[in-house]
Amino acid sequence: MSEIAKTAVAPKKYIDFKDVVVNDNIVISLEEAGQTTDAIKKAEKVSKIITTTLTYIFILALVALVIFPFYWMIITSLKQNTEIQASTQTFFPTIVMWSNYVHVFQVFDFGRYMWNTIVVAFFSTLGTLITTIFAAFAFARLKFKGREGVFMIFLTTMMIPGEMMVISNFITVASFRWIGEGQTLLQAYLAMVVPFLTSVFYIYLLRQNFKQIPNELYLAAKVDGKSDWSFLWRVMVPLAAPTLISITILKFMGTWNSYVWPNLVTNSPDYRLISNGLRGSAFVDVDSGQTEYGYQMAATVLVTVPLFLLFIFFRKYIMRGVGRAGIKG
Amino acid sequence: MEEISSSIKKGKPVAVEELSASSMFLDERPVYDEGYDQESKTVVRLVSPKASNKPYRVRGIDDVAARNNWKGWLYLAPVIILVAVFLIYPLVNTIFIAFTANYQYATGTFDGLTLRNFGYILGLVSKSADNPGAMEVYFVRYAIPNTFIIVIVTVPISTFLALIISVALNSIKWFQKTLQTLFFLPYVTNAIAVGMVFSVIFDDKGIINYIFGLNMNWIQNATQYVAMIPLCIYIVWSSIPFKILIFLSGLQGIDKQYYQAAQIDSCSKAKVLWKITVPLLSPQILYILITSFMGAFKEYTAVVGLFNGPGTSGKGDPNMETIVYYIYENLNSNTSAAAAAAVFLFVIILVFTALQFWASKKRVHY
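Presented here is an overview of the structure given in this document.

Cut-offs used in this document
- The residue numbering used here restarts from 1 in each chain and proceeds along that chain's sequence as written.
- Here the convention is simple: chains get letters from A, ligands get numbers from 1, in the order in which they are written.
- The predicted origin of the model limits local features to residues at a pLDDT of at least 70 and limits the giving and counting of side-chain atom pairs to 80 or more, whereas totals for whole chains, interfaces and linings rest on all residues.
- Note that water and hydrogens are dropped before the side-chain values are worked out from all heavy atoms of the structure.
- Residue contacts follow a heavy-atom distance rule, with two residues in contact if any of their heavy atoms lie within 4.5 Å.
- Accessible surface is computed with a 1.4 Å probe, and the buried area is the amount of it that two parts give up when combined, taken over both parts together.
- The term salt bridge refers to a side-chain nitrogen of Lys or Arg lying within 4 Å of a carboxyl oxygen of Asp or Glu.
- Two N or O atoms count as a polar contact when they lie within 3.5 Å, although within protein this holds only if one can serve as hydrogen donor and the other as acceptor, and sequence-adjacent residues are included solely when both atoms are side-chain atoms.
- Note on conventions: DSSP H or I runs of at least 4 residues are helices, E runs of at least 2 residues are strands, and numbering of each starts at the N terminus.
- Three categories are distinguished: nonpolar for Ala, Val, Leu, Ile, Met, Phe, Trp, Tyr, Cys and Pro, charged for Asp, Glu, Lys and Arg, and polar for the others, with Gly belonging to the last.
- Under the scheme applied here, a residue whose accessible area is under 20% of the maximum for its type counts as buried, over 50% as exposed, and between as partly exposed, the area being computed with a 1.4 Å probe on protein chains only.
- Any pair of Phe, Tyr and Trp rings, taking the six-membered ring for Trp, is counted once the centres come within 6.5 Å. Such a pair is stacked with planes under 30 degrees apart, edge-to-face with planes over 60 apart, and tilted for the rest.
- For a lysine, the NZ atom is tested; for an arginine, the CZ atom; a charge sits over a ring if that atom is within 6 Å of the ring centre and within 35 degrees of the ring normal.

On to the interface of chain B and chain A. Where the parts come together, the accessible area they lose is often given as the size of the interface. The interface is formed by 98 residues belonging to chain B together with 100 residues belonging to chain A. Across the chain B to chain A interface the summed buried area is about 8,600 Å²; carbon plus sulfur atoms make up 77%. Taken together, chain B and chain A are joined by one salt bridge. Counting the contacts that link chain B with chain A gives 18 residue pairs in polar contact (both at pLDDT 80 or more). A total of 22 residues in the side of chain B that touches chain A trace back to one element, the largest contributor, which is helix 4 (residues 69-98) of chain B. The residue makeup of the side of chain B that touches chain A, split by class, is 70 nonpolar, 19 polar and nine charged.

Turning next to the environment of A:Phe108. Residues and elements named next belong to chain A. Structurally, Phe-108 can be placed in the loop between helix 4 (99-107) and helix 5 (110-140). According to the relative accessible area criterion, Phe-108 is buried, its value standing at 0%. Beyond its immediate chain neighbours, meaning those up to four positions away, Phe-108 contacts Tyr-113, Ile-274, Gly-277, Leu-278, Ser-281, Phe-283, Ala-299 and Val-303.

Residues and elements named next belong to chain A. Tallied over the entire structure, the rule returns five salt bridges over all chains. Among the salt bridges present, the one from Arg-112 reaches Asp-109, with a minimum N-O distance of 3.1 Å. On the basis of relative accessible area, Arg-112 is assigned to the partly exposed category, the value being 37%. Close ionic contact of Arg-147 with Glu-148 constitutes a salt bridge, the shortest N to O distance being 3.0 Å. Overall, the relative accessible area of 45% leaves Glu-148 in the partly exposed class. Here the salt bridges do not stand alone but share partners, grouping Asp-109, Arg-112 and Asp-270 into one network.

Within the structure shown, the criterion is met by 50 aromatic pairs over all chains. Here A:Phe201 and A:Tyr204 contribute two aromatic rings whose centre-to-centre distance is 6.5 Å and whose plane-to-plane angle is 90 degrees, an arrangement assigned as edge-to-face. You can see A:Phe201 and its partner A:Tyr204 sitting in helix 9 (residues 200-211), three residues apart, about one turn around the helix. With relative accessibility at 17%, the residue A:Phe201 sits in the buried group. By way of ring pairs, the aromatic residues A:Phe70, A:Phe308, B:Phe198, B:Phe202, B:Trp218, B:Tyr234 and B:Trp237 are connected into one cluster. The side chain of A:Arg141 reaches across the aromatic face of A:Tyr218, ending 4.7 Å from its centre.

Written as structure tokens, this is what we have:
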């Protein structure tokens, strides 16, 4: 019995793919289709190098296509309008027009839109974090009748396109008298923040995260006489910090990119957010009245750069959050 | 003690629980008659004295939580209020409005229920019986075809490209992370801003016409189908990063053994891709297809970014309108028609999603 077991696990011996000299008279040479093993190995190596090179060329070509719009945006933002409209396109500005960036502030009220966006993003993110943490805690940790039913309803709502809600939400917000004639800045902010104070998707995301926190921690906290409330804030929230950071950044990015809703619920262009300002501003030269693509592109650079900075600093959180949540905003 | 043991044997309802640390130190536990049963080595309790004829399992954590019914609802309250007001009510209300005649959003009044709105957006009947001239032509002429072109063109192209790029990225060693990050860049951009960049690139005096020696109107004053080209290119460009992210994480989860086995059997690269990678990646592919079909049906901001309006020549002829664009255009002035269009879109998306789940039953390996 033990003999069989031994042979079964005994290490097998492989012959290396080389000419094996058995003794002076016999040389075993492993060949395939008339080629020596060395030749086959060499051919394999060459084909591997070729494949790798082709893969890199393919990837780099596509990267160039992906990056090109950004390059063109920056280049165009530094060109004179005559050069942009010229029949011969240049891949680098002949005269670098930094002044485009100065002029753009005359036609595009960047500061105001930036401020509006930050205020709306701050409050809707704060609200979302609080409501999401509470709901995820209830779904992940507390037990009560109807929990699964409510959670199922929540999951189902994720399948419904948001456009279905926009019409009625518009009516609801109008009935709160937040929009319409004589709208104040506060009312505009309320109309832009309140409907976005929670997100079913982030509740789902955070609940999954909370569920991974072991029961033992909860029991230990109970033994120490901690309440659910202090357990939530002292233990669960710090442990789920990476997910919360992801939610914060994605929510902020969502506000930065939101266009439809702010456009619908604000009366004055002064109350709108950065995307609305960008599309709503007429980038004409103050003197000549012509559309200045240089100004326009300078403005798009101003809108894009904050997002890139955010991405550089929080790449890990953004990519992980997007990978799990799979939605913007 | 003996009483309890005998009650087990008699089949009387008792609660049995393993003796564990968790159940010993919980505060505020209700008082039960309990004892330690030597035979089964468990703590045996008679159930709550009031309802001792019902079996009741006592477990450490449920024990506390089960009596916290109100607490769970309290934690959920803010979300339930928000979801009810801004998610569930609107859903029901939108469907309702779609069946009302002449809904006025400011006052909430309407003239009875009707199916006319659906006929109206489909160009079959006029807005109301006493106004036979008010026909809708743009929804059928532009919104529906444009939306379907976007869906049919961009979803397969972007999914296929993303799959190929992901496989290529997964096979390389150097700069993999850097290149992956570069491919992700279009995701972290403002859709309006980059749409404007694309409109400059495709300008009649822009770089595309210059490189290819063309003199085409892609954006301004372009015809409907020509203008679809830059629009679809832009949508593919902006939708690829998310797909690569999902595919790459899926690829990295595939067991290397499959590929080693294929290598031993000297399978071709194409065979490896279609026989190993794609089947093993099928859950991710299904997820991507469902989400991108939904996304493509709802396209709106790309049109605004690229054309600054519903059409290639200002507001006059909305030849680039999509279904969602139609909804937003009519939200104020013709709320019933907008709601009908929203329900129309909702039904299409539901049907498409159901079809994909049905088709995936045979092909997706979970």
